[in-house]
Amino acid sequence: MENNDIIVVKFGGSCLESGKAIAKAGDHILREYAQGKGLVVVVSALNGMTNRLISLAQSCTNGKVKLEELDEIMAMGERTSARLMISALNSKTLDDKDLEAILIDPSSEIWPIYTDNRHGNAEPDIVETRRAVKEYILPLIREKKVIVIPGFLGKDKNSGKITTLGRNGSDTTAVLLGNCLDAQEVILVKDVDGVYSYDPKKVEASLIDHLDVEEVMALTSAGTKVIHNKALSYKTKDMDIRIVGFHNGHISKGGTVISGAVLPDLHVSLFNQKLQMLTIVGKDISKAENLHALIEEIQKVGSELVGASLESGSVIFYATIPEAGVDSLVEILHKKMIDANIGKAITNHDDLALITISGRDLETTPGIIERISYPFTEINLFGFLTINSNIRVFVNWSKRDHALKRVKESLNLPS
């Protein structure tokens, strides 16, 4: 069996709310197994179980439960689900042959997921985990065994104590195992059919069949619960992640597929063209129809709009310089502004460079703005924008190399 025939399937707790639901999850697995796929099944705790265990732990300790003890207690939710799934799978037959499912638990000698010692939100040791997966798990898959693993859990590589992986930790488990197995696809089975254009409970929303990683990160950074960035960080370029509904006929079809490469942890780059900054003031400038009219004019002259900043009485556009020259864009925007009576005055600065700092969870990393802005205490700053896990900084073109070097130094990145 080749690695591209391996899939990892994770069932969320909302899909495991009863014995009947667990049996149905087993039917989904049987259907995929019949197609010759190598299977790793990751399970969350039964619906509501984790919250119940946390509540009990807090209650019996008067709120003084230790984190490492809480990890052991919470782990029982996923460990119980895994045992129920094993029973469900081992009760099924395929072409008069028993399907053999194997439980791999943190107490097992072949448990593969190792972490640091941060109880409650441990970070996987990808090197040690990959080694264990290749040594212990892959041979079993190639023997046509179905592997069942409780999600959310790890093991401290030094002490051997159980750890938990934090929010949406079962998703992290599934994508991490997919990474280590070089799996072609990770399927996250949820109680929704996939990702929608908006909340289908509020509007008549459309199911999205495909998203790339940058689109997903833009949605998650804005609060949409698609997949947690910690789980997404283990996605490989060639792995697809499919989010699909539990009640779908075939969990390997339909839903929303996430593809593409994940952003690096932190990266700094310099835009390769000189830019101009155009500021237009006027009380009606922020109206949608006026902004649309001005952006149309920018596009007409062949400029690329790389950033914008808006206030109630002004707008700033950062755009590439058109072939006709700097003045051509200023003149056409000025004419539109006067003819359509959508502004009072325009100013232009035509000698700017763009430095972009990008990376996962950039906007939520404490202190990152201070570290990025510190070098500009000695360099004039013409704009500072945060957009979807990247920060854009505009400086004088003649200072671009110096600014780039100083930002990399501040972020401890190689020059």
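Residues numbered from 1 in each chain as written. Predicted model: local features only at pLDDT ≥ 70, side-chain atom pairs only at ≥ 80, totals over all residues. Heavy atoms only, no water.

Draft legend 1. Region of the structure containing helix 11 (residues 400–410). Within helix 11, burial applies to Ala403, Leu404, Arg406, Val407, Lys408 and Ser410. Positive backbone phi, approximately 60°, marks asparagine 412, located one or two places after helix 11. (Buried < 20%, exposed > 50% of the residue type's maximum accessible area, 1.4 Å probe, protein only. Helix = DSSP H or I, 4+ residues; strand = E, 2+ residues; numbered from the N terminus.)

Draft legend 2. Structural context of the sheet that holds strand 13 (residues 210–212). Read across the sheet, 8 strands follow the order 5-7-2-1-10-14-15-13 without closing on themselves; strand pairing throughout is mixed. Both outer strands of the open sheet, strand 5 (101–103) and strand 13, are each paired with one neighbouring strand and no more. Each strand of the sheet is rotated relative to its neighbour by a mean of 20°, with strand direction disregarded. Bridge count for strand 1 (residues 6–11) against strand 2 (residues 38–43) is 6 bridges, and the pairing is parallel. (Pairing = 2+ DSSP bridges. Axes fitted to C-alpha atoms, helices over the stretch in contact; angles between N-to-C directions.)

Draft legend 3. Structural context of unusual backbone geometry. Phi at phenylalanine 152 is positive, roughly 80°, even though this residue is not glycine. Checked against the element boundaries, phenylalanine 152 lands in the loop between strand 7 (146–150) and strand 8 (153–156). Overall, phenylalanine 152 belongs to the buried group, its relative accessible area being 10%. Even without glycine at this site, asparagine 412 takes up a positive phi of about 60°. On the secondary structure map, asparagine 412 appears in the segment after helix 11. For asparagine 412, a relative accessible area of 65% corresponds to the exposed category.

Draft legend 4. Representation of the packing of helix 8 (residues 288–300) against helix 9 (residues 326–339) in the model. Across the interface, helix 8 lies against helix 9 with an axial gap of 10 Å and an inter-helix angle of 150°. Here helix 8 lies roughly antiparallel to helix 9, going by the angle between them. Helix-helix and strand crossings are classified by hand; for helix 8 and helix 9 the assignment is right-handed. Contacts between helix 8 and helix 9 involve Ala293, Leu294, Glu297 and Ile298 from the former and Leu329, Ile332, Leu333 and Lys336 from the latter. In terms of residue class, the contact of helix 8 with helix 9 is made up of 6 nonpolar, no polar and 2 charged. (Parallel < 35°, antiparallel > 145°, perpendicular 65-115°, else oblique. Left-handed = near helix turned anticlockwise from the far one by under 90°. Contact = heavy atoms within 4.5 Å. Nonpolar A, V, L, I, M, F, W, Y, C, P; charged D, E, K, R; others polar.)

Draft legend 5. Examining helix 1 (residues 19–33) more closely. Here helix 1 is 15 residues long and its end C-alpha atoms lie 21 Å apart, about the 21 Å a rise of 1.5 Å per residue gives. Those residues of helix 1 that are buried lie in contact with strand 1, strand 2, helix 3 (67–90), strand 3 (93–94) and strand 7. (Expected span 1.5 Å × (residues − 1).)

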